[in-house]
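# Examining the three-dimensional arrangement
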Amino acid sequence: MDTSSPSAFVNGALLRRFIGQKVRTVIQVTGSEIGSVVGKSTDDLQIVVRGSSPPSPLTTYLEVIGIAESDNAIRAETWTNFGNTFDTQNYNELCKLANGEFKHLFI
Amino acid sequence: MENSVTQDGIATVLANQSLDSSSVRPEIVVQVVDLKPAGNRYTFSANDGKMKIKAMLPATLTSDIISGKIQNLGLIRLLEYTVNDIPGKSEEKYMLITKCEAVASALDSEIKAEIKASTGIMLKPKHEFVAKSASQIINEQRGNAAPAARMAMTRRVHPLVSLNPYQGSWTIKVRVTNKGVMRTYKNARGEGCVFNVELTDEEGTQIQATMFNAAARKFYDRFEMGKVYYISRGSLKLANKQFKTVQNDYEMTLNENSEVEEASNEEMFTPETKFNFVPIDELGTYVNQKDLIDVIGVVQSVSPTMSIRRKNDNEMIPKRDITLADETKKTVVVSLWNDLATGIGQELLDMADNHPVIAIKSLKVGAFQGVSLSTISRSNVVINPNSPEATKLKSWYDAEGKETSMSAIGSGMSSSANNGSRSMYSDRVFLSHITSNPSLGEEKPVFFSTRAYISFIKPDQTMWYRACKTCNKKVTEAMDSGYWCESCQKKDQECSLRYIMAVKVSDSTGETWLSAFNDEAEKIIGCTADDLNDLKSEEGEVNEFQTKLKEATWSSHLFRISVSQQEYNSEKRQRITVRGVSPIDFAAETRLLLQDISKNKTSQ
């Protein structure tokens, strides 16, 4: 496992704490254009993901690893289709725990 | 003399305003008319054909009335009484009877004399005679006014609610709301056939009626689904709560002599479906119980139809899942099967965006996804029912429910259940909980759910036995050829193999051995015992048998287990048996872990 460049689990609200850093999140795709995908974060905020070559076709859920550009935008480095069923509530709780009380357990 | 009243009896009563046992007995016999309850006693009019006088019976005689000794239109001999004025109406009097005896049971009609008396009270026009059971009378005393209306029916029809095993003759008018198939059975006393129907009366009360053998054959074709019948001469007994499917303390048995007559050319009634709704968050208690339940909920989503292959006959049956929510802010998945999936299911899919309210009668509660509901052949789905519950639910949904976040009942920790068959998610333990309590299951088997990995399957154990294809019991090789089943007392050329195996399981807290029987072992191994036996006997470089066992190892399952004590070489040992195996639902497991984390946080 590569630990040299860790990516933090984030939801929409947590993104602002990692601007300029590497993050990882899962969005529900609501629309896509060439070079960008718009989606809803697990805490129901809108996130715009820019970057080259998103997968095609896109599934309902998409994992994105990249650099947080602003409090609602990510420049993607890795795109992964996460399929059409995904428990967003669980993921959202994970993001909160990983950045809160149990931060020390995550790199 | 026995069946007539005393001439001018009432006049004699009025002349001798009190009578006690010391007096000379004038032998006054009167007819009881208009017998009705008043508080804890009964009133009636004493009739001698010419005159009537209002009378009251003491509470001590109530039992005689209920038992039928004293009947309306019957005759009684007055032994002790007093005549009093009705306050404020000096011309009217009433007789307070303290002792009397029944002389004759109900006559055909009220005794009337041609001559009208000039004194006393004029004869009133005859009232319609009404038979009343004890429970009806009790109903009336409670102020339940409904029975009055149903008495207007042309026949003397008893409401189902009034039937009990201690009652003589009755006739009911009911609609067949479910008709079972004819089943054959075999037991120690021989073979036979049986079928049952569910009957619903005008008020929506239901009862199950069962017919055996000759009666079953006689009435099987007579009873048609949805038709209305007059039924009499059946017998009632207490319902077996284990198998009851309708809300009634009694069930009915019809024999050959029972009367079943179709009510044609008559005003029909449509029985209202009576619901007994269980709130979604209370469904946990019903998981894997025999009780059927009713739910009402707002449709959240409707799936397309899927085809499911039925295990026992490989038939494909359509299924559709719908998600319902109610005011408890919980959702539950209801699987509609067969016609309900394709018919009403399609209708629901078309209107899903409008979030209709639906009520479903008779659902089975299963442990799939924690808690889930499933229709059976007699389930009944009503879209947007016209009921106060539905109205309330709809307004709740429109006002706040729409915006509320809901969670699936299966993921919740509804641990209100009280026995072994709880939800997979409600009585979760680690293996150490079992292994560190050697006395667990000492009194009676205890049930748990546990998530664990298969860590070892001993390849050289006896994994299966030869089983009878009919009864699954063990068979022995017959003398010449084939197999002998002791239980069926029958020889068959073939037998099937059924698993009985020990598997070792592990989790983060420890490991233990479980014993698994055929169905559960099949899920663990991934093939039948016959198939595995075939693999074992195959020769070749790669041993498929070993591979199969290896594949089954280090996979995780959700186990439903029972823990009991077994004596082995005069030493007590824990025996852990697999009662159910299901695949891991990762999202549900994650929710469970999150719950544990938050519980740990609050307890610290």
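Residues numbered from 1 in each chain as written. Chains lettered and ligands numbered in written order. Predicted model: local features only at pLDDT ≥ 70, side-chain atom pairs only at ≥ 80, totals over all residues. Heavy atoms only, no water.

For chain B, UniProt supplies the name Replication protein A 70 kDa DNA-binding subunit B and the organism Arabidopsis thaliana. Check the Function section of the UniProt entry for chain B; it says "Component of the replication protein A complex (RPA) required for DNA recombination, repair and replication. The activity of RPA is mediated by single-stranded DNA binding and protein interactions (By similarity). Probably involved in repair of double-strand DNA breaks (DSBs) induced by genotoxic stresses (By similarity)." What the UniProt record of chain B gives under Subcellular location is the line "Nucleus". (UniProt positions renumbered as here; feature names shortened; annotations may be inferred.)

As recorded in UniProt, chain A goes by the name Replication protein A 14 kDa subunit A, listed as coming from Arabidopsis thaliana. Annotation of chain A in UniProt includes, under Function, the sentence "As part of the replication protein A (RPA/RP-A), a single-stranded DNA-binding heterotrimeric complex, may play an essential role in DNA replication, recombination and repair. Binds and stabilizes single-stranded DNA intermediates, preventing complementary DNA reannealing and recruiting different proteins involved in DNA metabolism (By similarity)." Per its UniProt entry, chain A bears the Subcellular location comment "Nucleus".

Moving on, we get to the overall build of chain A. Of the regular secondary structure elements, chain A holds 1 helix and 6 strands. Moving toward the C terminus, one meets the helices and strands of chain A in the order β-β-β-β-β-β-α. The buried share of chain A, reckoned over its 107 residues, is 37%. Expressed as a percentage of contacts within chain A between residues at least 6 apart in sequence, the contacts between residues at least 24 apart total 55%. Within the structure as shown, chain A displays about 5800 Å² of accessible surface, and the carbon and sulfur contribution to it stands at 51%. (Helix = DSSP H or I, 4+ residues; strand = E, 2+ residues; numbered from the N terminus. Buried < 20%, exposed > 50% of the residue type's maximum accessible area, 1.4 Å probe, protein only. Contact = heavy atoms within 4.5 Å. Areas by Shrake-Rupley, 256 points an atom, 1.4 Å probe, with all protein chains shown as cover.)

Our next topic: the interface of chain B and chain A. The partner chain A presents 6 residues to the 6 residues of chain B that form the contact. A combined buried area of about 610 Å² lies between chain B and chain A, and 57% of that area is made up of carbon and sulfur atoms. Counting every contact that joins chain B to chain A gives 1 salt bridge. As a salt-bridge pair, R591 of chain B and D87 of chain A come within 2.3 Å of each other at their nearest N and O atoms. Taken together, chain B and chain A are joined by 2 residue pairs in polar contact (both at pLDDT 80 or more). Its residues assigned to classes, the side of chain B that touches chain A comprises 3 nonpolar, 1 polar and 2 charged. (Buried area = accessible area lost by both parts, 1.4 Å probe. Salt bridge = Lys/Arg side-chain N within 4 Å of Asp/Glu carboxyl O. Polar contact = N/O pair within 3.5 Å; in protein donor to acceptor, adjacent residues only side chain to side chain. Nonpolar A, V, L, I, M, F, W, Y, C, P; charged D, E, K, R; others polar.)

Here we take up the pattern of salt bridges. Applying the stated criterion across every chain yields a total of 27 salt bridges over all chains. The residue E77 of chain A makes a salt bridge to K22 of chain A at a minimum N-O spacing of 3.4 Å. Highlighted residues: E77 of chain A in strand β6 (residues 73-83) and K22 of chain A in strand β2 (residues 22-33), separated in sequence by 55 residues. Look at E77 of chain A and you get partly exposed, because its relative accessible area is 45%. Assessed through its relative accessible area of 23%, K22 of chain A is described here as partly exposed. Between E589 of chain B and R451 of chain B there is a salt bridge, with its nearest N and O atoms 2.8 Å apart. Remark: R451 of chain B occurs in strand β22 (residues 446-456) and E589 of chain B occurs in helix α13 (residues 586-603); sequence separation between them is 138 residues. Look at the salt bridges and you will find they share partners, linking R50, E69 and R75 of chain A into a network.

The subject of this paragraph is a negative patch on the surface. Where like charges cluster on the molecular surface, the negative patch consists of D531, D534, E538, E544 and E551 of chain B. Considering the arrangement of structural elements, one finds E544 of chain B in helix α12 (residues 544-552). (Patch = residues over 30% accessible without salt bridge, like charges linked within 9 Å, V, L, I, M, F, W, Y side chains within 5 Å. Lys, Arg positive; Asp, Glu negative; His and termini not counted. Charge placed at Lys NZ, Arg CZ, Asp CG, Glu CD.)

The next thing to look at is the UniProt feature "zinc finger region: C4-type" in chain B. As recorded in UniProt, the feature "zinc finger region: C4-type" lies at residues 468-488 of chain B. From the first C-alpha to the last, residues 468-488 of chain B spans 8 Å; its make-up is 0% helix and 29% strand.

Turning our eyes to something else, we now look at the nonpolar core. Within soluble globular proteins, side chains that are nonpolar generally end up buried alongside one another. Counting 33 residues, the largest nonpolar core has I457, Y499, M501, L532 and F559 of chain B as its most contacted members. By residue number, the principal contributor to this core is strand β27 (residues 496-507) of chain B, which donates 5 residues. (Core = buried A, V, L, I, M, F, W, Y, C linked by side-chain atoms within 4.5 Å.)

Let us now look at the packing of aromatic side chains. One pass over the full model with this rule turns up 13 aromatic pairs over all chains. Taking 6.1 Å as the distance between ring centres and 70 degrees as the angle between the ring planes, the aromatic pair formed by F9 of chain A and Y91 of chain A counts as edge-to-face. Of this pair, F9 of chain A sits in strand β1 (residues 8-9) while Y91 of chain A is found in helix α1 (residues 88-98), placing the two residues 82 residues apart along the sequence. Overall, F9 of chain A belongs to the partly exposed group, its relative accessible area being 23%. Its relative accessible area of 7% is what places Y91 of chain A among the buried residues. With centroids separated by 5.6 Å and ring planes inclined at 55 degrees, the aromatic side chains of F82 of chain A and F86 of chain A adopt a geometry described as tilted. A relative accessible area of 24% places F86 of chain A in the partly exposed class. Three or more aromatic residues joined by ring pairs make a cluster, and in this case those are F9, Y61, F82, F86, Y91 and F106 of chain A. The ring of F9 of chain A is capped by R24 of chain A, whose NZ or CZ atom sits 5.4 Å from the centre of that ring. Above the face of the Y220 of chain B ring, K179 of chain B is positioned so that its terminal group lies 4.2 Å from the ring centre. (Phe/Tyr/Trp six-rings, centres within 6.5 Å; stacked < 30°, edge-to-face > 60°. Lys NZ or Arg CZ within 6 Å of the ring centre and 35° of its normal.)

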